[in-house]
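A structural walkthrough
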Amino acid sequence: MDPYTPTPADRFTFGLWTVGNPGRDPFGEPTRAPRDPTHLVAKLAELGAYGVNLHDHDLVPDGTSAAERDRIVATFKRALADHGLVVPMATTNLFTDPVFKDGAFTSADARVRHYAIAKTMRSMDLGVELGAKTYVFWGGREGAEVDAGGKLIDALSWYRDALDYLCDYAVSQGFELRFALEPKPNEPRGHAFLPTVGSALGFIATLQQPGMVGVNPEFAHETMAGLSFTHAIAAAIDAGKLFHVDLNDQVMGRFDQDLRFGAENLKTAFFTVMLLERHYDGPRHFDAHALRTEDEDGVWAFAAGCMRTYKILAAKAARFDADPEIQAALAAYRADDPELAWPPRFASEHAEALKARSFDLPSLRSRGPGLERLDQLTVELLLGER
Ligand code: DIG
Ligand code: MN
Ligand code: MN
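Per chain, residues are indexed from 1 in the order of the written sequence. The naming scheme follows written order: chains are lettered A onward, ligands numbered 1 onward. Two thresholds apply to this predicted model, a pLDDT of at least 70 for residue-level local features and 80 or more for giving and counting side-chain atom pairs, whereas whole-chain, interface and lining totals are computed over all residues. Water and hydrogen atoms were dropped before computing side-chain values, which therefore reflect all heavy atoms in the structure.

With respect to the side chain of Lys241
Inclusion rule: Secondary structure elements follow DSSP: runs of H or I of four or more residues count as helices, runs of E of two or more count as strands, with numbering from the N terminus. Partly exposed describes any residue whose relative accessible area lies between the buried limit of under 20% and the exposed limit of over 50%, with all areas from a 1.4 Å probe on protein chains only and scaled to the type maximum. For the purpose of charge, His is not counted, nor are the chain termini; Lys and Arg are scored as positive and Asp and Glu as negative. Any Lys or Arg side-chain nitrogen located within 4 Å of an Asp or Glu carboxyl oxygen qualifies as a salt bridge. The contact criterion used throughout is that any non-hydrogen atoms of two residues lie within 4.5 Å.
Here Lys241 is to be found in the loop between helix H9 (229-238) and strand S9 (246-247). Of the side chains with opposite charge, Asp164 lies nearest to the buried Lys241, which makes no salt bridge, at 11 Å. Excluding anything up to four places from it in sequence, Lys241 contacts Leu201, Ile204, Pro210, Gly211, Val213, Gly214, Val215 and Ala236.

Quick look at the structure:
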């Protein structure tokens, strides 16, 4: 069997909006026909995916009657059961409806803010009904083009009020839900609130129930901001806040391209996979879509490519760990000195001794870390030469 054939054990997931993306962009109409969610479930299962995610209105269009909503959900549940897919994550569309044109949770109109919270609660109900354990908040319209509105600090306070209220709602309903904030620096708003993983981590610390809230970093979003996605993932892991992850690819400094995983930055994708394989056991969600040029065959080639590239890079990460030359270079890179082991707790005597200690600065200055060779070995591994 092909070692890179995905299976549900790999926990690969896709949003209905990803493989269902019709190919519309700001300058062109859709190039693909819309596909029914049950068809997308069947095709994803065929490819070896584990699960499917959704915004509320990907499945139940806004304004649907309660009876029709229940029929749609029952049909979708049957498709999930028939094809063995789960719904690990759900989220709310707070960005398409023009009512959110100047923000949802951060709108300057309290009526819009409260409508967004009501819509999110109904969407949480749906997500939990489908089995979601993670709820993502991407603030697509939470931002500004005009700072004269004077709400830059109020917006964060309103954002906090909404999240604190929704955490209370989840607890009151007995939902086993963790929230994951998804940062993005801009687009569709000129400047987005909570633009990066770092800013989201800081914001979480100000919430009333910070333990319920983590981050959902997206490869394209940190890259758009000119940041390293690998470093963003490491910061989230370090903070114990990597609750979900959106994998795709992106050319730095471009609009949000949501490219197939591995399509542009193979080395960053490699180290991302290495970190996820070592420190994260959640779904590997591909928040990406096929190029607008593609037909439906191209959509499924895109989806299969995301999963296959992840598995190939995971195999490369295992080879990295087993490669004697790479491991020797890694061992040589780190220098330790048993005399410098940290004492169990701070002691003034230790501080005085450290201040008085002499260091061989000329030798420390001239020591070479061997990073060029280590990086070359990594490149050769990725090129299939090791
Ligand atoms: C875009 O990157 C956002 C929306 O697609 C969705 O709200 C979230 C979940 O992955 N990502
Ligand atoms: Mn994106
Ligand atoms: Mn995303």
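Picking up after the structure, the text goes on.
Remarks on the coordination of the manganese ion (ligand 2)
The condition that has to hold: A donor here means any N, O or S atom no more than 2.8 Å from the metal (3.2 Å for Na, K and Ca); water is not included, so a site may seem to lack partners.
Listed as protein donors to the manganese ion (ligand 2) are Glu218 (OE), His221 (NE2), Asp256 (OD), Asp256 (OD) and Asp258 (OD); their distances from the metal cover 2.0 to 2.7 Å. In terms of primary sequence, the donors binding the manganese ion (ligand 2) are separated according to E-x2-H-x34-D-x1-D.

Observations concerning the side chain of Lys311
Note the threshold: Any N or O atom pair separated by 3.5 Å or less is treated as a polar contact, with the protein-specific requirement of one donor-capable and one acceptor-capable atom, and with residues adjacent in sequence counted only for side-chain atom pairs.
Looking at the element boundaries, Lys311 is found in helix H11 (residues 296-322). A polar atom in the side chain of Lys311 sits 3.0 Å from the side chain of Asp10. What Lys311 contacts, discounting residues up to four positions off in sequence, is Pro3, Tyr4, Thr5, Pro6, Asp10 and Phe12.

Remarks on the nonpolar core
Rule in force here: Within this scheme, the nonpolar core is defined by two criteria: the residues are buried Ala, Val, Leu, Ile, Met, Phe, Trp, Tyr or Cys, and they are joined through side-chain atoms within 4.5 Å.
In this structure, Phe14, Phe179 and Phe261 are the most contacted members of the largest nonpolar core, which totals 93 residues. When neighbours within four sequence positions are excluded, Phe179 is seen to be in contact with Met124, Tyr135, Phe137, Leu163, Leu166, Cys167, Ala170, Met212, Val213, Gly214 and Phe243.

A short note on the site of ligand 1
We apply this condition: Whether a residue is near a molecule or strand depends on its heavy atoms: if one lies within 4 Å, it is near. Note on areas: these come from Shrake-Rupley sampling with a 1.4 Å probe, and a residue is covered only by the protein chains present in the view.
Near ligand 1 lie 13 residues; those nearest to it are His55, Glu182, Glu218, Asp246 and Asp287. His55 is positioned with one of its side-chain polar atoms (N or O) 3.0 Å from an oxygen atom of ligand 1. Measuring from an oxygen atom of ligand 1, one finds a side-chain N or O atom of Glu218 at 2.7 Å. Out of a free accessible area of 300 Å², ligand 1 has 95% covered by protein chains.

Some remarks on the layout of surface pockets
What counts, and what does not: Detection works on a 1 Å grid of protein atoms alone, calling trapped sets that fit a 1.4 Å probe cavities and calling open sets with protein on both sides within 12 Å along at least five of seven lines pockets, with lining residues defined by an atom within 4 Å of a point. Grid points are joined across faces, edges and corners, and a volume is the space filled by probe spheres set on the points. As a working rule, the residues Ala, Val, Leu, Ile, Met, Phe, Trp, Tyr, Cys and Pro are called nonpolar, Asp, Glu, Lys and Arg charged, and the rest polar, with Gly in that last group.
Estimates place the volume of the second largest pocket at around 280 Å³. Lining the second largest pocket are 13 residues, and of these Asp56, Val60, Pro61, Arg69 and Arg122 sit closest to its centre. Counting residues per element, the lining of the second largest pocket draws most heavily on helix H5 (residues 110-129), which supplies 6 residues. In terms of residue class, the lining of the second largest pocket is made up of 4 nonpolar, 3 polar and 6 charged.

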